[in-house]
Each structure stands twice: as structure tokens, then as C-alpha cells.
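# Structural overview
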Amino acid sequence: MADTPRGAQRGNTLGPRLALAFLGVALSAVALLAILAAVFSAVDVSSLANRQRDDLAAAVAVAAAASWSQDQGWAGADLTPVLELAQRSGLKLQVQDANGHAVATTPGFAATGSQSTEPVLVHGQRVGMVVLGLTASGLGAADSVLRTALFRAIAGAAGLAALLALFTGLAVARRITRPIARLITVTRAMAAGDRSARAGQLSGPSELRELAAAFDNMADTLDYEDKIRRDLVASVAHELRTPVAVLQAGHEALLDGITDPDPEELGSLRDEVLRLARMVDDLQTMAAADAAVLRLTRERTDLADIAGAAADSLARRFEAAEVELDRQLDTAPVLADERWMHQVVTNLLGNALKFTPAGGRVTIRTSQRGAHAVLEVADTGVGIPADELPRIFDRFWRGQAAAQISGSGIGLAIAAELAVAHGGTLTADSQPGHGATFALTLPLA
């Protein structure tokens, strides 16, 4: 049997651990509240019992004063009703004379525990004192019963809270762990080579739903980049196959003496060599642009100056193609790597020239719009079909109109990547048959 991955073992215990964590927090909170409630309740009950005992002591003192005889003192006092009242109320009582000697005492009285004392006053004169305490019945029993009932209520509430916390913890843990388990499964499937594995829509906390969406976006991006890599290999192989085959056939014909090494034949072979050289240059440019994205040297410069220099470098090609180059360059200061920004503008102008027939016009303009500098290259060429617009910045992608035009399909891709590296954007707009407009937007310096 295969060993279970350590990560899987940990993942399987996440739910119970979360539930136990909820239970522990709930029990700790309930225990704290129970202790505080018990302490404060006990203090309140004791305070209430003491007040009641003091009030009873005062009442007994008044009754004892009424029984005191003016002529015979305590000897003639009838304290039987007072003692009977104390016994029925669950009190222990002792009546003392002015010297502190016991005059009357309930059975079982002991001078211990919490007691209340109250002087016996007759005409404002202190003639004795009553000492009152609680027994195990009556008010004392009520105090004990109240405490016991309170502790039972707290214990019941604690148990109920623990059960509620346990069930809530299990529900919340299940809600959290189910999408996590789904993500783990999908991740393992991706690691095993299943590129189609996706988390999909998950039911759970919003953070986990966002994580699942981010994972699916990552998987889609990986698929897209993998497709680009496959397309790159296929495109390079396709582009290289034709000139290599032509060179091989031409050289074999020369070696076999089928054709003579005349200038026309050698010129044809040279054209294929130049075609290969251009492809290698394009691949090298792409690699250099990828490296440049990581380490640009940006300085304050004018986008209009860069556009003017790029237009000057291509002026002869525009004249040879009989395409008018219209310049409308206004100052637009930016922070940019001048070398690579020149490459961006050159790529845009070169692309416009390729798809603009003789007698057409290409317009390059720079301007400021709010907090941005904008460079636009517009042509009067064949335009771009709507279904091809979303893909024109993909590497090695070439539309139908480019089938009969030389190139490798990386110029616009490099321009778009360099624009993003400068903190800007490169967009395209076109109406088939009415030309295309490329807009480069950069932050103003």
C-alpha cells in the first residue's frame, strides 16, 4: 500500500482541530464568565443575607425591649415569644443583659460563625443586647439553596455552550475544509500533469472563493503560456523549414552538377540565408526585450523626440514604398528607457508600413492627455478584422493579412511588453478596410 502523503494527513485533521479550537475558546470564555458570575453572585447573596440578618436582629431587639420589665428588669421579662419566633425563622438567638450575661438562649446557640449584634434600648438606655446568627434552616438554608441553584445554572449553561460551540465549530470547520480539500485535490491533479483540472465554483468563505478563482486564473495562464510555447516551437520550426529546405536543395543541386553556380542561383541561396538571419535577429530581439523588461534604465525624455528619431530612421523605407509619413509631434515628457522606447515606436511604424499600400498615409502624433503622454500611429491600410484584434499582441501570431508579408510576428508583442514595463499600455483600434490606430499611453514625467 502506498504511503499517505504527510500533507494529506495534516489536511485530514484540519477540521477536527478547528472544531477543538472553537470548543476550547468557548469553554474558556464560559469558564471565565462562570467564575466571575459565581464570585459576584456569592458576594451579592452574602450581602443580602447579612442585611436580612441585621434587620432581624434589630426587630428582635425591639421585641426584647418590649418584654423588659421596668421593675424587675430581665428577671420579669417574658422572652418565650421572642425565642419561639427565632426558632421558627431558623435563627440562633441569645439575649444578654447590660453586663453581657446570657438572659435567654435558643437551643444549640454557639458564639461562632457570622452573627449580628443589636443593643436593646429602653427609653434610650441600653439595657442589654441580642446576638443573632443563622442556622442550617430558614434564611441560612435559603442562602445555601440559592448558591447551589446558581452554581447548577452556571454549570448547565456551560455545558450547553460547550455543545453549541462544538456543533458550530464542526459546521464552520466543514465549511472551511471542504473548499481547501478541493483545492488540494486540484493542485495534486495539476502536479500530476492534468492541465484541465480546475477548482470551479466553491461554496465557502469569500477568501477561499477568491483563492479558487485565483488558482483557476493561474491554471488558465499556465495553459495559455504552454500553448504559446508550443506555438513558438511550431512557428520557429515552420519558419525555418522552408529556407533550410531551399538551401539544402540548392546546395545538393550544385554539388550534383544539376545547376550551375551562376549569380542568379547564388543570389537565390543568399536570399534564403538573409531570411534565416532575419529570423535569428528577431529571436534575439525578443530575448533582449524580455531581459530589458527586468532592467530598464528610465530617464526623463520627450516622447516627441523619440518619435521623431524613429520616424527619421524609417524615412527612406516610407519613400521607397511610396507611403506618406505625417508627423504631428507635440511635447510629451516621460520617464523612459530611450533605447527601448525607440524600439517600440520603430515597431509600430514598421508594422503600419507593412500593411499600408502605396499612395497611403501613416500618421504619427504625440500629445498630453491629463496625466498621461500619448503616442498614436494611424495608417490607411487594410485594417484588422475584429476577431483578430484580441490576438495581435501575441508572440508569433500572424493574421490573414500577414500571410504574404515577411516577418516573424513578434514586433507588436515586444512593443506591448515594453509598454507595460514602462508603466503604460498599448492598445489597438481598427475598422477593416479603413486602417488601424495603435495608441501608446505612458505616465507624464
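These lines cover the structure that appears in this document, whether it is placed above or below. Here, residues in each chain are numbered from 1, in the same order as that chain's written sequence. Where totals are concerned, whole chains, interfaces and linings use all residues; where local detail is concerned, this predicted model gives features only for residues with pLDDT of at least 70, and gives and counts side-chain atom pairs only at 80 or more. Excluded from the side-chain calculation are hydrogens and water; included are all heavy atoms of the structure.

This brings us to unusual backbone geometry. Of note, E322 is a non-glycine position whose phi angle comes to about 60 degrees, a positive value. Looking at the secondary structure, you find E322 in the loop between α8 (315–320) and β6 (324–329). The helix count covers DSSP runs of H or I at least four residues long, the strand count covers runs of E at least two residues long, and both are numbered beginning at the N terminus.

Relative orientation and spacing of two packed helices are given, respectively, by the angle between their axes and the distance between those axes. What counts as an axis is a line fitted to C-alpha atoms, over the stretch in contact for a helix, and the angles between N-to-C directions run from 0 to 180 degrees. One way to put it is that helix α9 (residues 338–354) packs onto helix α10 (residues 411–421) with a least axis distance of 9 Å and a crossing angle of 145 degrees. When the axes of α9 and α10 are compared, the crossing they make is left-handed. Every residue of α10 that contacts α9 at W340, V344, N347, L348 and N351 is listed here: G411, L412, I414, A415 and L418. Each residue gets one label: Ala, Val, Leu, Ile, Met, Phe, Trp, Tyr, Cys and Pro are nonpolar, Asp, Glu, Lys and Arg are charged, and the others, such as Gly, are polar. Partitioned by chemical class, the residues of the contact of α9 with α10 number seven nonpolar, three polar and no charged. Crossing handedness is defined as follows: a turn of the near helix away from the far one that is anticlockwise and smaller than a right angle gives a left-handed crossing, while the clockwise case is right-handed. In this description, contact between two residues means that some pair of their heavy atoms is separated by no more than 4.5 Å.

Turning our attention to the environment of D330. With respect to the secondary-structure elements, D330 resides in the loop between β6 and β7 (333–336). Sequence separation of D330 and Q368 is 38 residues, and the distance between their C-alpha atoms is 7.9 Å. For D330, the residues in contact, after removing those within four places along its chain, are A304, T366 and S367.

There is a patch of nonpolar side chains on the surface, built from L32, L36 and F40 and spanning about 310 Å² of accessible area. On the secondary structure map, F40 appears in helix α2 (residues 14–67). When accessible area is computed with a 1.4 Å probe and restricted to protein chains, residues below 20% of their type maximum are described as buried, those above 50% as exposed, and intermediate ones as partly exposed. The exposure class assigned to F40 is exposed, which follows from its relative accessible area of 54%. Residues with no salt bridge and a relative accessible area higher than 30% make up the patches, which join like charges within 9 Å and nonpolar side chains (Val, Leu, Ile, Met, Phe, Trp, Tyr) within 5 Å. Calculation of accessible area relied on Shrake-Rupley with a 1.4 Å probe; when residues are assessed, cover is drawn exclusively from the protein chains displayed. A pairing counts as a salt bridge when a side-chain nitrogen of Lys or Arg comes within 4 Å of a carboxyl oxygen of Asp or Glu.

We now examine the sheet that holds strand β9 (residues 372–379). Taken in spatial order, the five strands of this open sheet run β6-β8-β9-β11-β10, and their pairing is mixed. Of all strands in the sheet, those with a lone pairing partner are β6 and β10 (425–430), marking the two edges. Neighbour-to-neighbour, the strand axes of this sheet turn through a mean angle of 15 degrees, independent of strand direction. At least two DSSP bridges between two strands are required for those strands to pair. Examined bridge by bridge, β6 and strand β8 (residues 361–369) share six bridges and lie parallel to one another. Its bridge partner being in β8, R327 is matched across the sheet by I364.

Note that S367 resides in strand β8. In contact with S367, not counting residues within four places along its chain, are D330, A332, H372, A373 and V374.

It is worth spelling out the nonpolar core at this point. What makes a nonpolar core is a set of buried Ala, Val, Leu, Ile, Met, Phe, Trp, Tyr and Cys residues whose side-chain atoms join them at distances within 4.5 Å. In terms of nonpolar packing, the biggest core is built from 39 residues, with L349 and L375 touching the most fellow members. The leading source of residues in this core is α9, at eight residues. When residues no more than four places from it in sequence are discounted, the contact partners of L375 are L303, A307, V345, L348, I364, R365, T366, F438, A439 and L440. With 22 residues, the next largest nonpolar core counts A57, A65, V122 and L132 among its residues.

With that out of the way, let us pick up the sheet that holds strand β3 (residues 115–122). Spatial ordering of the open sheet is given by β2-β1-β4-β3, a layout of four strands whose pairing is antiparallel. Unpaired on one side and paired on the other, β2 (102–105) and β3 mark the two borders of the sheet. Here the average twist between neighbouring strands, direction ignored, is 20 degrees. Bridge analysis of strand β1 (residues 91–97) against β2 gives three bridges, and the strand direction is antiparallel. Directly across from V95, in β2, lies its bridge partner A104. Sheet strands touched by helix α3 (residues 80–88): β1 and β2. Its angle to β1, the strand with the most contacts, is close to 155 degrees.

Most of α10 sits out of view: eight of its 11 residues are buried. Buried residues of α10: L412, A413, I414, A415, A416, L418, A419 and A421, and no others. After α10 finishes, the residue G423 shows a positive phi value of roughly 80 degrees.

A few words now on the environment of L389. Considering the arrangement of structural elements, one finds L389 in the loop between β9 and α10. Sequence-wise, L389 and D429 are 40 residues apart; in three dimensions their C-alpha atoms are separated by 7.8 Å. Setting aside residues up to four positions removed in sequence, L389 forms contacts with I384, A428 and S430.

Turning our attention to helix α7 (residues 303–313). Turning to α7, its buried residues number three or more, namely L303, A304, I306, A307, G308, A310 and A311. By the criterion applied in these results, polar contacts are pairs of N or O atoms within 3.5 Å in which, for protein atoms, one can donate a hydrogen and the other can accept it, and in which residues neighboring in sequence qualify only through two side-chain atoms. One side-chain oxygen of the residue at the start of α7 lies 3.0 Å from the amide nitrogen of A304, identifying that residue as D302.

With that settled, the discussion passes to the packing of α7 against α9. With their axes 9 Å apart at the nearest point, α7 and α9 run at an angle of 55 degrees to one another. One way to sum up the angle between α7 and α9 is to call them oblique. The two elements α7 and α9 meet at a crossing, and its hand is right-handed. Contact residues: α7 offers L303, I306, A307, A309, A310, A311 and S313, while α9 offers E338, M341, H342, V345, T346 and L349. Here the contact of α7 with α9 is composed, by residue class, of nine nonpolar, three polar and one charged. Any angle from 65 to 115 degrees is called roughly perpendicular, while one under 35 is roughly parallel, one over 145 is roughly antiparallel, and all others are oblique.

Attention shifts here to the environment of L266. Position of L266 among the secondary structure elements: in helix α6 (residues 263–294). Overall, L266 belongs to the partly exposed group, its relative accessible area being 43%. In the structure, L266 is positioned 15 residues away from H251 in sequence and 9.6 Å away in space, judged by C-alpha atoms. In contact with L266, other than residues within four places in its own chain, are L254 and P261.

Glancing now at the pattern of salt bridges. With the rule as written, the count across this model stands at five salt bridges. Note that D220 is salt-bridged to R198, the shortest N-O span being 2.9 Å. Of this pair, D220 sits in helix α5 (residues 206–256) while R198 sits in the loop between α4 (139–191) and α5, and the two are 22 residues apart along the sequence. The exposure class assigned to D220 is partly exposed, which follows from its relative accessible area of 40%. Classification of R198 as partly exposed rests on a relative accessible area of 22%. Residue E376 is joined to R369 by a salt bridge in which the shortest nitrogen-to-oxygen separation is 3.2 Å. Since its relative accessible area comes to 13%, E376 is described here as buried. Here the salt bridges share partners, and the residues they tie into one network are R198, D220 and D223.

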